[in-house]
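Breakdown of the fold
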Amino acid sequence: MDITKADIKYLPGMGPKRAELLNKELGIQTLYDLINHFPYKYIDRSRFYKISEMDNVNAHIQIRGQIVGFSVKGEGRAKRLIALFSDGEKTIELIFFKGLNYITDAYKIRTDYIIFGKPNCFNGVYSFVHPDIELPTEDRIKGFMPLYHTTEKMKTHGLHSKALQKFIFLALKQLPEKLPETLPLTVRKKHGFMGLFQALWEIHFPHNSNLLDLAKTRLKYEELFYIQLAILRQAKGMRASTRGHEFLKVGDKFNDFYHNHLPFALTEAQKRVIKEIRADMRGPKQMNRLLQGDVGSGKTIVALMCMLLAVDNGFQACLVAPTEILATQHYLGLKDLLKNTGVTVELLIGSTKKSERKPIHEALRNGNLDILVGTHAVLEDEVQFNNLGLAIIDEQHRFGVAQRAKMWSKNTRAPHVLVMTATPIPRTLAMTVYGDLDVSVIDELPPGRKPIRTYHFYETKRPNVYSFIHKELAEGRQIYVVYPLVKESEKIDLKNVEEGFESMKNIFKEVKVSMVHGKMKPAEKDSEMQAFVSGETRILVATTVIEVGVNVPNASVMVIENAERFGLSQLHQLRGRVGRGAEQSHCILMTKYEISEDTRKRLSIMTETNDGFKVAEADLQLRGPGDLDGTMQSGLPFALHIANLVRDGVVLQTAREDVQQILSSDPNLQSPEHQFLTAQLKLRATDAVNWSMIS
Ligand code: ADP
Ligand code: MG
């Protein structure tokens, strides 16, 4: 039998209805899918508790003993059955609100049972509400009991963790003991991995924690192995075929700028990164590099210097930003830096007038324009370069794969591509997701920055927050107030922003207030934004549209409303909008009092650190890679069931090296030992992404 095709509906007790639900809710269709639904947690059922030991127990436990009597208490909805359970020394109450008759019928007094559940404690007295009651038979779970994720809908149809456990057990029973291996022999030998058959049994029903660990290691490795195989195979294909422009010299423009126009000394990190990029652009291969640097780390000047290298070698360069505001800011900044250098720069954005476009198009075509700054407008077909050598994309998570591909086709030989991002992707993740894309990191801020102070306040502190804002305004500062995103359907969000805008106008009568949100017309948005950038308005009430790149050094306070609704990386991006000037800056996270423990933890990471990498790692660990703000939207080639990109960095690295070795000796996976890998890749690649243009 092929378990990758065998439908779960034929499992005894499953039936078509539940099978359909499992498919709908968790995408589980075949025995293979079901077996790959791993437990999220295990409960140790090798240990029995005594009632007298139950101080401070806050987990599932089991007790051996007998029911010594039943009684019914209460009326109506409070009516409950109480079974008094004795372990031979002490007694404890088992409480049931439902199925009273069933329970008194099914369970006998003075018979040995094992009860299992999470005890409640009320006024120092322990009890169990609806515990599991089992006979102490031979086939009950004696080691670790697996717990499985289910959904509310599944539970209402009887598909709770325990039912899944039963079905998975039945599915495992159908596995042939000689299950074909899914990892090459060399790899299994090298790492001494547990066999697949045993690993699958142990991951679901571990005999002990040692075997469970071995099973986990093998299965995690396997997942990461195939992810790497998928990515590296495609990356290799791309790499081999793409020649680049060779920028052999560092010429006059670069040197003149460096010696005569650079307004500050570069940080060591900036210098190192420029060297890395230059080394790439000299070589015969086309560059695809990701430049990471926390907000404010000074990526723009790096971009400019790289563009000067292109110009020195007779090429043009372009810098693409995700919004008109940002592109305009870049343009004005670069124009200022480049005055008296003889290097020409123009701006092309959606709102550029036709009459202004024409000369830009011409200058681009005949080579009179060195640097073009713009938005997506730069990608339009009518924008043709004479000789584009370097394309730089700022804040790449707003820039899709398709657009990047378009950039490539702007010259007969693809230009070098540098993608800049402030979203700090942990290295292991960057490596996994981008495969062979090279990564440069600016891990140092320019000197003299004051770290932003971050606070988490509840609603009750709002008056204090407002008086603080009054004080900052009196000192001439500007303030951001940010609300969660306005989405198509989320009328409430819009109402929040608009109400926030009205109340800010009322409370802070001493200044003018701007508002921007995603539902405004671009022109309206721009003029509101410009008013804030120029300092005409002093408070900006906004949704996350301001998240990316805006530079207003005079802004010193960032208030984030409903902070619990933002991801950590997003909060970090928002916080990066302040702290750009000489003044001490502050970031205030506002939430209601009733927030979950998880949220409290997340927000405390924000108040504890300013380090974007730490924030990103915490974000990954708390919410999973799927949520790492925007950047990872394209996701992995297939979902991870057991491996964790952050926690399993070492395994990831090992898998990557092994895959590299396999691909270098057998690039097309044609040797008999490797042939099955292609089929395995296909099996896993249910929702493949187009990687080929990324790296
Ligand atoms: P980001 O990496 O967020 O894009 P920017 O390039 O906008 O950062 O730089 C932030 C600010 O820091 C700018 O005002 C820039 O002029 C300044 N800056 C960049 N590099 C340095 C440096 N080496 N020394 C001092 N200031 C710098
Ligand atoms: Mg920037």
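Heads up: the structure comes first, above all this text.
Just so you know, these numbers come straight off a predicted model, no measurement behind them. (Residues numbered from 1 in each chain as written. Chains lettered and ligands numbered in written order. Predicted model: local features only at pLDDT ≥ 70, side-chain atom pairs only at ≥ 80, totals over all residues. Heavy atoms only, no water.)

The next subject is the overall build of the protein. Across its full length, the protein carries 23 helices and 22 strands. Taken over 695 residues, the protein has a buried fraction of 52%. Sequence-distant contacts in the protein: of pairs separated by 6 or more residues, those separated by 24 or more amount to 74%. Approximately 32300 Å² of the protein is accessible, and the part contributed by carbon and sulfur atoms is 51%. (Helix = DSSP H or I, 4+ residues; strand = E, 2+ residues; numbered from the N terminus. Buried < 20%, exposed > 50% of the residue type's maximum accessible area, 1.4 Å probe, protein only. Contact = heavy atoms within 4.5 Å. Areas by Shrake-Rupley, 256 points an atom, 1.4 Å probe, with all protein chains shown as cover.)

Let us now look at the packing of helix H10 (residues 268-282) against helix H11 (residues 299-312). Packing of H10 against H11 brings their axes to within 10 Å, and their N-to-C directions diverge by 30°. In this structure, H10 crosses over H11, and the sense of that crossing is right-handed. Packed against H10, whose contacting residues are Gln 270, Val 273, Ile 274, Ile 277, Arg 278 and Met 281, the element H11 presents Ile 301, Val 302, Met 305, Cys 306 and Leu 309 at the interface. Its residues assigned to classes, the contact of H10 with H11 shows nine nonpolar, one polar and one charged. (Axes fitted to C-alpha atoms, helices over the stretch in contact; angles between N-to-C directions. Left-handed = near helix turned anticlockwise from the far one by under 90°. Nonpolar A, V, L, I, M, F, W, Y, C, P; charged D, E, K, R; others polar.)

This part takes up the site of ligand 1. Neighbouring residues of ligand 1: 15 residues in total, closest Gln 270, Gly 296, Lys 299, Thr 300 and Arg 449. At a separation of 2.9 Å, a nitrogen atom of ligand 1 approaches a polar backbone atom of Ala 265. The backbone of Ser 297 places a nitrogen or oxygen atom 3.5 Å from an oxygen atom of ligand 1. Computed on the free molecule, ligand 1 has an accessible area of 570 Å², of which 77% lies beneath the protein chains in the complex. Residues that form the shell around ligand 1 fall into these classes: five nonpolar, six polar and four charged. (Near = heavy atom within 4 Å. Polar contact = N/O pair within 3.5 Å; in protein donor to acceptor, adjacent residues only side chain to side chain.)

A word on the pattern of salt bridges. Scanning the entire structure with this criterion turns up 26 salt bridges. Its salt-bridge partner being Arg 45, residue Glu 134 comes within 3.6 Å of it at the nearest N-O pair. Here Glu 134 is found in strand S8 (residues 132-134), whereas its partner Arg 45 is found in the loop between strand S1 (41-44) and strand S2 (61-73), with 89 residues between them in sequence. By relative accessible area, which is 17% here, Glu 134 ends up buried. Each of Glu 181, Arg 188, Arg 218, Glu 222 and Arg 684 takes part in salt bridges that share partners, so that together they form one network. (Salt bridge = Lys/Arg side-chain N within 4 Å of Asp/Glu carboxyl O.)

So, on to the nonpolar core. Core analysis: the largest hydrophobic core is formed by 43 residues, its most contacted members being Val 302, Ile 371 and Leu 390. For this core, the element with the highest residue contribution is H11, accounting for 11 residues. By size, the runner-up hydrophobic cluster in this structure holds 42 residues, among which are Leu 21, Tyr 32, Ala 171 and Leu 196. (Core = buried A, V, L, I, M, F, W, Y, C linked by side-chain atoms within 4.5 Å.)

With that settled, consider the pairing of strand S3 (residues 80-86). In summary, the side chains of a regular strand alternate between the two faces of the sheet. Burial analysis of S3 places five of its seven residues in the buried class, which makes it a mostly covered element. Both S2 and S3 contribute to a ladder of seven bridges, which runs antiparallel. Bridge assignment links Phe 70 to a residue of S3, and that residue is Ala 83. Joining the antiparallel neighbours S2 and S3 is a turn of six residues, in which Gly 74 adopts a positive phi near 80°. Between S3 and the antiparallel strand that follows it, strand S4 (residues 91-96), lie four residues; Gly 88 among them carries a positive phi value of about 100°. (Pairing = 2+ DSSP bridges.)

For helix H19 (residues 568-575), a buried count of eight out of eight residues is recorded, marking the element as mostly surrounded by other parts of the structure. Listing the buried residues of H19 in full gives Leu 568, Ser 569, Gln 570, Leu 571, His 572, Gln 573, Leu 574 and Arg 575.

This brings us to the environment of Thr 104. Counting through the fold element by element, Thr 104 comes out in helix H3 (residues 100-106). We classify Thr 104 as partly exposed; its relative accessible area is 32%. Sequence-wise, Thr 104 and Gly 69 are 35 residues apart; in three dimensions their C-alpha atoms are separated by 9.9 Å. Ignoring any residue separated from it by four or fewer positions in sequence, one finds Thr 104 in contact with Phe 70 and Leu 81.

The next thing to look at is the packing of helix H5 (residues 161-173) against helix H7 (residues 196-204). For the pair H5 and H7, interaxial distance at closest approach is 11 Å and the crossing angle is 165°. One element, H5, and the other, H7, form an angle in the roughly antiparallel class. The interaxial crossing formed by H5 with H7 has left-handed handedness. Listed contacts from H7 to Ile 168, Phe 169, Leu 172 and Lys 173 of H5 are Leu 200, Trp 201 and His 204. (Parallel < 35°, antiparallel > 145°, perpendicular 65-115°, else oblique.)

What follows deals with unusual backbone geometry. Backbone geometry at His 130 places phi at a positive 45°, although glycine is not the residue there. With respect to the helices, strands and loops of the structure, His 130 is situated in the loop between strand S7 (125-129) and S8. By relative accessible area, which is 37% here, His 130 ends up partly exposed. Look at Leu 669: it is not a glycine, yet its phi comes out positive at around 50°. Residue position: Leu 669 is located in the loop between helix H22 (649-665) and helix H23 (675-684).

With parallel pairing, six strands are arranged side by side in an open sheet as S17-S22-S21-S18-S20-S19. Lying at the two open borders of the sheet, with one neighbouring strand each, are strand S17 (453-458) and strand S19 (513-516). The average angle at which neighbouring strand axes cross in this sheet is 15°, direction not considered. Alignment of strand S18 (residues 478-482) against strand S20 (residues 539-542), held across four bridges, turns out to be parallel. In the sheet register, Val 481 faces S20, and the bridge partner there is Val 541.

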